[in-house]
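Listed here are the chains, written in short residue letters.
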Amino acid sequence: MLGNKAFNQKNHLEIAGCDIVQLAEEFGTPLYVYDEALLRSNIKDYQKRLKELHPDSTIAYAGKAFLCSAMCRLLDQESMWLDVVSGGEYYVARESGFPTERLLFHGNNKSPQERELVLKNGIGRWVIDSEWELALLSKEAKNYLHGKLPVFFRITPGIDPHTHAYITTGKVDSKFGLTLVDGIAQRVIRQALSYENLDVKGLHCHIGSQIDSLEPFINTIKAMVRFMDSFKEQNNFVFSELDLGGGLGVPYLEEQKGKFPSVQEYVEAIAKTLQEECEKYQYPLPKLFIEPGRSIVNNAGNTVYTVGTIKEIPGIKKYIAVDGGMTDNPRPILYDARYQAIIANRVNQGSPEMVSVVGKCCESGDVVIQQTETISVQNGDILVVEGTGAYNYSMASNYNLIPRPGVVFIRDEKPYLVVRHEGWYDLVRRDILPEYLIEKGE
Ligand SMILES: Cc1ncc(COP(=O)(O)O)c(C=O)c1O
Ligand SMILES: N[C@@H](CCCC[NH3+])C(=O)O
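Predicted model only: the values in this text are computed from it and were never measured.

Visitor: Looking at this model, I keep getting lost on the overall build of the chain. Mind explaining?
Guide: The number of helices and strands found in the chain is 12 helices and 21 strands. Against the compact-globule benchmark of 22 Å for 442 residues, the chain has a radius of gyration of 24 Å, which places it among compact chains. Along the first, second and third principal axes, the C-alpha atoms of the chain reach 70 × 70 × 40 Å. Restricting to contacts in the chain with at least 6 residues of sequence separation, those with at least 24 account for 70%. Accessible surface computed for the chain: about 20000 Å², of which carbon and sulfur atoms make up 49%. A distance of 3 Å separates the average location of the 47 positive side-chain charges in the chain from that of its 58 negative side-chain charges.

Visitor: I tried to follow the site of ligand 1 on my own but got confused; where do I start?
Guide: Every one of the 15 residues lining ligand 1 counts as a neighbour, but H206, S209, E291, R294 and Y391 are closest to it. Within the backbone of G293, a nitrogen or oxygen atom sits 2.9 Å from an oxygen atom of ligand 1. The separation between an oxygen atom of ligand 1 and a polar main-chain atom of R294 is 2.8 Å. Within the complex, the protein chains bury 93% of what would otherwise be the 390 Å² of accessible surface of ligand 1. The class makeup of the residues in the shell around ligand 1 is three nonpolar, seven polar and five charged.

Visitor: So what exactly am I meant to see when it comes to the UniProt feature "modified residue: N6-(pyridoxal phosphate)lysine" (unreviewed entry) in the chain here?
Guide: Sequence positions flagged by UniProt for "modified residue: N6-(pyridoxal phosphate)lysine" (unreviewed entry) are, in local numbering, K64. Relative to the assigned elements, K64 resides in the loop between strand 5 (57-62) and helix 3 (69-77). Not counting the four nearest positions on each side in its chain, K64 is found in contact with D83, V85, E89, Y391 and S394.

Visitor: Help me understand the environment of I218, please; the structure alone is not making it clear to me.
Guide: In this structure, I218 sits in helix 8 (residues 215-235). Distance in space between the C-alpha atoms of I218 and A93 is 32 Å, their sequence separation being 125 residues.

Visitor: Hey, could you run me through the UniProt feature "domain: Orn/DAP/Arg decarboxylase 2 N-terminal" (unreviewed entry) in the chain in this one?
Guide: Taking the numbering used here, the UniProt-annotated feature "domain: Orn/DAP/Arg decarboxylase 2 N-terminal" (unreviewed entry) corresponds to residues 42-297. Taken as a whole, residues 42-297 contains 40% helix and 16% strand, while its terminal C-alpha atoms sit 8 Å from one another.

Visitor: Looking at this structure, I do not really get the environment of H162. What am I missing?
Guide: As for its placement among the helices and strands, H162 is situated in the loop between strand 9 (149-156) and strand 10 (178-179). By relative accessible area, which is 63% here, H162 ends up exposed. Residues H162 and I290, spaced 128 residues apart in sequence, show a C-alpha to C-alpha distance of 20 Å.

What counts and what doesn't
- Residues numbered from 1 in each chain as written.
- Chains lettered and ligands numbered in written order.
- Predicted model: local features only at pLDDT ≥ 70, side-chain atom pairs only at ≥ 80, totals over all residues.
- Heavy atoms only, no water.
- Helix = DSSP H or I, 4+ residues; strand = E, 2+ residues; numbered from the N terminus.
- Rg over C-alpha atoms; globule rule 2.2 N^0.38 Å.
- Contact = heavy atoms within 4.5 Å.
- Areas by Shrake-Rupley, 256 points an atom, 1.4 Å probe, with all protein chains shown as cover.
- Lys, Arg positive; Asp, Glu negative; His and termini not counted.
- Charge placed at Lys NZ, Arg CZ, Asp CG, Glu CD.
- Near = heavy atom within 4 Å.
- Polar contact = N/O pair within 3.5 Å; in protein donor to acceptor, adjacent residues only side chain to side chain.
- Nonpolar A, V, L, I, M, F, W, Y, C, P; charged D, E, K, R; others polar.
- UniProt positions renumbered as here; feature names shortened; annotations may be inferred.
- Buried < 20%, exposed > 50% of the residue type's maximum accessible area, 1.4 Å probe, protein only.

What follows is the structure, encoded as structure tokens:
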């Protein structure tokens, strides 16, 4: 099992001391359930090791992994920074009271409205992604009312992290960032130094997500420091900050435990490599930023479903249909992602069987878990899919006009609803019936 789970005397699953069967009765299913203490301790693991090894550092949690007002508050309480990638994420953070000076703003195609929102309300670091964006900002930053605009430049360092192609972001052929190979990064940043409204703080890079070894991170740091040094030689300018993005992978299955570097090992590797490379080039040690997402939230999140239809095709397969699916977890259909599940109302009772857990969408690829062993499942069982804390709620959709589930945080063994469930009402809220479609009675 992943995270803080146990079985109680009723043979029910407990997450962080909360009976999941009771929780399902009280809040309904499907439901995302987060262990708040685990979210906080995952954050503290990063903070503690970084403070020891590279005290001049900042952790900007990547909001795209999971964000809502309660998460923003929690991050603020833990003195974190927050990486936002859209006007929407920025807006939610700001509405929840998160200080804008601790926000870091990403995006390869920031819209005029997004740029205006951020310039008006302030930002901790703005990550410039392209030459086009620099050209726009060179004019728009005049409207920034909070001093010089503090900027990073996103670099694609040409490193392959050997993860799924869809979540690889730092190769030369990428829609993100400025490439090193053709001198574009060098030229664009040199240009930026001539704009008096911009305060060039440093460089950013992010090579991909769900990365299972330290080597690509180490090679990235080597490439970045090499570039920083050559930029210094040619332009007499020192970058005082370096952001290495996120990307540390996590186990989703029992058999993957121990196959990913721990947070401690990751922090040790990046801090040590950065120090060594800076010594090698005699480059002043920059302030270090990182942007972990998945490794902070994934094991703290679970999705609770109710089992509905059970269909057995003799000699072929047994299908277990739950009351959610690709609408609340699109990762299996997008990346062939694998998950494991627990029957929460009869833990360890019944004989094991192989089943495929599928969703309720009108799509054959709507599979939550392809062939998993579980105890024999019955209609009405409460099925918990583990490790859904990252990129599930944040990537959920309304396909088939299915309302999205609510989110509960468990704190001190008690559940708190932090995002309410959508209802059918929410599905018509944005619809407009133009006059010509309204039939007028005589
Ligand atoms: C720029 C950037 N920073 C941080 C992250 C967070 O990555 P992860 O959730 O893998 O830690 C991502 C997502 O891949 C990203 O695109
Ligand atoms: N959405 C991806 C991660 C992408 C991270 C953003 N660059 C996933 O679910 O694994």
